[in-house]
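# Tertiary structure, described
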Amino acid sequence: MSTVTRGITPGYGEKLPEALRYGGAVRVGDRVEIPCQAGVDDDLVIGDDHNRVMAEQ
């Protein structure tokens, strides 16, 4: 049976799972799942340039 290891970034990574049901990278056996990045600071505030960055995508 594979083991599950979760990566938690200090700061916002400790708050997001409870606040938004967000998970960081998860390793299951030899497979790693990496989620989209939220673009927030440690207080879960979206940066001022978020809309500009999204428009450039």
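Look up a bit, the structure's there.
About the thresholds
Residues numbered from 1 in each chain as written. Predicted model: local features only at pLDDT ≥ 70, side-chain atom pairs only at ≥ 80, totals over all residues. Heavy atoms only, no water. Helix = DSSP H or I, 4+ residues; strand = E, 2+ residues; numbered from the N terminus. Buried < 20%, exposed > 50% of the residue type's maximum accessible area, 1.4 Å probe, protein only. Contact = heavy atoms within 4.5 Å. Areas by Shrake-Rupley, 256 points an atom, 1.4 Å probe, with all protein chains shown as cover. Salt bridge = Lys/Arg side-chain N within 4 Å of Asp/Glu carboxyl O. Pairing = 2+ DSSP bridges. Axes fitted to C-alpha atoms, helices over the stretch in contact; angles between N-to-C directions.

### Focus on the overall build of the protein chain
- Looking only at helices and strands, the protein chain has two helices and three strands in total.
- The order of α-helices and β-strands along the protein chain, N terminus first, is β-α-β-β-α.
- Across the 57 residues that make up the protein chain, the buried fraction comes to 9%.
- The contacts in the protein chain between residues at least 6 apart in sequence include a share of 41% that link residues at least 24 apart.
- Carbon together with sulfur atoms contributes 52% to the accessible area of the protein chain, which is approximately 5000 Å² in total.

### Concerning the pattern of salt bridges
- Applying the stated rule across the entire model yields one salt bridge.
- With a closest N to O distance of 2.4 Å, E33 and R31 form a salt bridge.
- Using a relative accessible area of 41% as the deciding quantity, one classes E33 as partly exposed.
- Since its relative accessible area comes to 54%, R31 is described here as exposed.

### Side note on the sheet that holds strand 3 (residues 31-33)
- Read from one edge of the open sheet, three strands run 1-2-3, paired in antiparallel fashion. For this open sheet the edge positions go to strand 1 (4-6) and strand 3, each flanked by a neighbour on one side alone. Taken over all neighbouring pairs, the strand axes of this sheet differ in orientation by 20° on average, direction set aside.
- The sheet contact formed by strand 2 (residues 26-28) and strand 3 spans three bridges and is antiparallel. Considered in strand 3, the bridge of V28 is made with R31.

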